[in-house]
Amino acid sequence: MAKADEFYLDYLGFKIDWDHRSRKISRENLILHLSEYHGDGSSGVQVRIWVRGISKHHRELSTKEYQYMRPGIQECPAASSQHMGVIDPCGNQIKFCQDDDEKTQT
């Protein structure tokens with residue numbers, strides 16, 4: 001749990017909303033439920049989260065001294081979007097995605 005806290009709270013900037021047998025964390029309008037109980041899910045999933053301001057979020061992460069991750073923003077011309085991928089300590093992948101027409105909002 002300490003590595004998950006370092007990743008989600010310290011690095012990605014989430015806060016704990018409640019913590020009892022599982023954990024609910026949030027950042028602005030994004031809410032995640034984390035659990036380490038068997039049957040709640042499996043490691044290695046991939047989640048796509050559509051955001052605005054991906055460049056701002058990237059700059060924020062770039063200023064943090066997290067030794068395990070230095071994500072970049074990738075262009076996806078076929079999908080007319082950009083994404084920035086991170087991997088949590090359990091191998092779950094989170095891709096923050098933004099439509100190209102929202103670039104002016106970064």
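- The protein chain is annotated in an unreviewed UniProt entry as Bleomycin resistance protein of Talaromyces islandicus.
- Its UniProt record, at the heading Sequence similarities (unreviewed entry), says of the protein chain: "Belongs to the bleomycin resistance protein family."

## What to know about the pattern of salt bridges
Next up, step 1: What the rule picks out here adds up to six salt bridges.
Next up, step 2: We note a salt bridge from Lys15 to Asp17, for which the minimum N-O separation is 2.7 Å.
Next up, step 3: A salt bridge links Glu60 to Arg27; the shortest N-O distance between them is 2.7 Å. In this pair, Glu60 is assigned in helix H2 (residues 54-62) and Arg27 in strand E2 (residues 23-27), connecting sequence segments 33 residues apart.
Next up, step 4: Overall, Glu60 belongs to the partly exposed group, its relative accessible area being 27%.
Next up, step 5: On the basis of relative accessible area, Arg27 is assigned to the buried category, the value being 18%.
Next up, step 6: In this structure, a network of salt bridges that share partners links the residues Asp5, Asp19 and Arg23.

## With respect to the sheet that holds strand E6 (residues 81-87)
Next up, step 1: The strand order E4-E7-E6-E5 describes an open sheet built from four strands, whose pairing is mixed. Bordering the open sheet on either side are strand E4 (46-50) and strand E5 (74-76), each of which pairs with just one other strand. Across the sheet, the mean angle separating the axes of adjacent strands is 30 degrees when strand polarity is ignored.
Next up, step 2: Sheet topology note: the E5/E6 ladder contains three bridges and is antiparallel. Counterpart to Gln74 in the pairing with E6 is His83.
Next up, step 3: Across the face of the sheet, H2 comes into contact with E6 and strand E7 (93-99) while running at roughly 30 degrees to E6.

## Focus on the side chain of Gln82
Next up, step 1: Looking at the element boundaries, Gln82 is found in strand E6.
Next up, step 2: Judged by relative accessible area, Gln82 falls into the buried class, the value being 7%.
Next up, step 3: A distance of 2.8 Å separates polar atoms of two side chains, one belonging to Gln82 and the other to Glu75.

## What to know about the state of the cysteines
Next up, step 1: Counted according to the given criterion, the structure contains zero disulfides.
Next up, step 2: Of all cysteine sulfurs in the structure, the one in Cys97 sits closest to Cys76, which takes part in no disulfide; the separation is 7.3 Å.

Scoring rules and cut-offs
Residues numbered from 1 in each chain as written. Predicted model: local features only at pLDDT ≥ 70, side-chain atom pairs only at ≥ 80, totals over all residues. Heavy atoms only, no water. UniProt positions renumbered as here; feature names shortened; annotations may be inferred. Salt bridge = Lys/Arg side-chain N within 4 Å of Asp/Glu carboxyl O. Helix = DSSP H or I, 4+ residues; strand = E, 2+ residues; numbered from the N terminus. Buried < 20%, exposed > 50% of the residue type's maximum accessible area, 1.4 Å probe, protein only. Pairing = 2+ DSSP bridges. Axes fitted to C-alpha atoms, helices over the stretch in contact; angles between N-to-C directions. Contact = heavy atoms within 4.5 Å. Polar contact = N/O pair within 3.5 Å; in protein donor to acceptor, adjacent residues only side chain to side chain. Disulfide = S-S within 2.5 Å.

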